[in-house]
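The lines below spell out each chain.
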Amino acid sequence: MAKRKTHKEDRKGWPFFNRILADFIELTRFPELPKQPKPGKNYEYWPEVALCANGNPYHGCIRLGSANKLMIGFSGGGVSVDEYTAARPQRVGGQGEMFYSDDVRFGDIIPRIGTFGQSKKNPFRDWNLLFVPYATGDFHCGTGDFPYTDLDGKPAVLHHHGYTNFQMLLKKIKEYVPNPDQILVTGFSAGAFATSLLTDAVAAAFPKCRDITACVDSAIMHYDWQRVAREVWKAPEEIAARLTGDEIVTDSLLALHKNHPEIKIMYCCSVRDAALTQMEMYLEDGRWIPDKAAGLSFQRKLKEMMELLQREIPNLSTFLFDTPDKNSKDADLTVHCLCGSNAAFTTVVDGVSCADWMKRGVGGEVLKLGLGSL
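Parameters and conventions
- Residues numbered from 1 in each chain as written.
- Predicted model: local features only at pLDDT ≥ 70, side-chain atom pairs only at ≥ 80, totals over all residues.
- Heavy atoms only, no water.
- Helix = DSSP H or I, 4+ residues; strand = E, 2+ residues; numbered from the N terminus.
- Buried < 20%, exposed > 50% of the residue type's maximum accessible area, 1.4 Å probe, protein only.
- Pairing = 2+ DSSP bridges.
- Contact = heavy atoms within 4.5 Å.
- Axes fitted to C-alpha atoms, helices over the stretch in contact; angles between N-to-C directions.
- pLDDT = per-residue confidence, 0-100.
- Salt bridge = Lys/Arg side-chain N within 4 Å of Asp/Glu carboxyl O.

## Side note on unusual backbone geometry
Most peptide bonds are trans, and most residues other than glycine sit at a negative phi.
Right, on to step 1. Even without a glycine there, the phi angle at Lys234 is positive, about 55 degrees.
Right, on to step 2. For Lys234, the position within the fold is in the loop between helix H5 (225-233) and helix H6 (237-240).
Right, on to step 3. Taking relative accessible area as the criterion, Lys234 reaches 36% and is therefore assigned partly exposed.
Right, on to step 4. For Asp350, which is not glycine, the phi dihedral falls at a positive 50 degrees.
Right, on to step 5. Among the structural elements, Asp350 can be located in the loop between strand E11 (348-349) and strand E12 (352-353).
Right, on to step 6. Take Asp350: its relative accessible area is 58%, and that puts it in the exposed class.

## Focus: the pairing of strand E10 (residues 317-321)
Right, on to step 1. For E10, a buried count of 5 out of 5 residues is recorded, marking the element as mostly surrounded by other parts of the structure.
Right, on to step 2. Residues of E10 alternate between two faces, with Ser317, Phe319 and Phe321 on one and Thr318 and Leu320 on the opposite face, all of them buried.
Right, on to step 3. Across 5 bridges, the pairing between strand E9 (residues 264-270) and E10 is parallel. Pairing of Ser270 across the sheet is with Phe321, part of E10.
Right, on to step 4. As paired elements, E10 and strand E13 (residues 368-369) share 2 bridges and run parallel to each other. Looking at E13, one finds that Thr318 is bridged to Lys368.

## A closer look at the environment of Ile109
Right, on to step 1. Among the structural elements, Ile109 can be located in the loop between helix H2 (83-86) and strand E4 (128-132).
Right, on to step 2. Along the backbone, Ile109 and Arg29 are 80 residues apart, and their C-alpha atoms lie at a distance of 8.1 Å.

## Some words on the sheet that holds E10
Right, on to step 1. Ordered by their spatial adjacency, 9 strands build an open sheet running E1-E2-E4-E3-E7-E8-E9-E10-E13, and the pairing between neighbours is mixed. Because the sheet does not close on itself, it has two edges, and the strands there are strand E1 (42-45) and E13.
Right, on to step 2. Along the sheet, helix H3 (residues 162-176) contacts E1, strand E2 (60-63), strand E3 (69-74) and E4; its crossing angle with E4, the most-contacted strand, is approximately 165 degrees.

## Some points on the confidence of the model for the protein chain
Right, on to step 1. Summing up the model confidence of the protein chain, the mean pLDDT is 93 and the portion of residues at 70 or higher is 92%.
Right, on to step 2. A low-confidence stretch, residues 6-18 (pLDDT under 50), is modelled with 24 contacts involving residues beyond four sequence positions or located in other chains.

## Focus: the pattern of salt bridges
Right, on to step 1. Applying the stated rule across the entire model yields 15 salt bridges.
Right, on to step 2. For Arg287, the salt bridge goes to Asp285, with nearest N and O atoms at 3.1 Å.
Right, on to step 3. Asp285 gets classed as partly exposed once you look at its relative accessible area, which sits at 42%.
Right, on to step 4. The partner of Asp291 in a salt bridge is Arg287, and the shortest N-O contact between them spans 3.3 Å.
Right, on to step 5. Connected through shared salt-bridge partners, Glu280, Glu284 and Lys301 make up one network.

Below, the structure written as structure tokens:
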């Protein structure tokens with residue numbers, strides 16, 4: 001097992017607030033996975049040679065439940081597509097352009113809340129959980145190293161090892177849950193892209209499971225993804241080959257449905273998602289601060305995507321909502337993601353909360369909620 005890294009080790013020179021934050025993270029981290037984990041307890045698992053984008057050791061989170069059911073949750077945290085974005089990872093307290101998480105510093109927060117947590121409100125609280133933190137900038141599907149020049153002009157390497165890390169975590173959870181009766185693959189933001197890209201890999205890992213659901217929470221993005229997948233991330237060819245258009249989730253979900261028509265597919269997104277609008281605008285013309293026009297453009301693209309997916313996947317379940325984003329009032333944008341926060345319990349469309357929509361969808365009920373908001 002890889003050496004567990006304490007975040008005090010790399011905080012030299014940090015501002016005061018960040019040092020306090022590092023102390024808080026250390027106090028709230030999960031224990032390492034023992035040989036005999038206790039049900040209902042969250043653990044960190046550090047596979048050997050698993051790496052974050054910045055070269056630090058990487059870990060996932062495992063919690064054993066009382067039901068023979070498995071939730072695989074992918075975390076979000078941006079994306080890197082070239083040398084420019086590679087040189088600009090996210091930093092606490094940072095300003096300006098920051099594109100992706102390059103470390104699992106906050107990886108243990110999400111399994112405490114929302115549909116990943118253990119609240120009595122969570123319909124999946126008794127399931128086994130494999131939570132896959134995001135720290136590789138590749139939508140969890142890379143296998144290679146990408147050289148770039150950092151902001152100090154020095155050569156650097158971004159370790160796009162998302163797929164490699166995920167496969168090591170998948171192997172470990174199979175030791176505890178070899179034949180689940182049900183599987184829910186879900187994720188938010190970058191993890192939502194991973195859900196569309198990697199659910200077929202989950203199905204291959206659990207060939208005896210006949211009840212699998214893929215729930216995508218907030219993902220749509222137009223770009224030359226096949227080139228990025230092959231040349232930047234070094235994604236497996238079976239992933240890159242299916243990216244034939246310019247919208248990665250559409251390509252991935254259509255391929256998933258074609259190859260596995262028995263898998264239930266669910267899609268959740270806000271109508272003018274602030275974070276996705278910002279990245280869509282950046283990839284389209286290099287602008288960073290979204291405006292109303294960018295939000296309306298995003299809404300049109302989302303409507304077109306929903307129309308296409310519903311034609312090709314008639315039993316697609318939808319949850320489209322329009323909660324305003326408080327930080328984007330001038331641009332009239334809406335909030336980003338639900339399942340990884342307690343807003344999953346309080347955000348309601350047509351009388352149904354997001355968490356209840358997920359529960360009913362996993363149970364086989366097709367609910368098309370919020371389409372009128374487009």
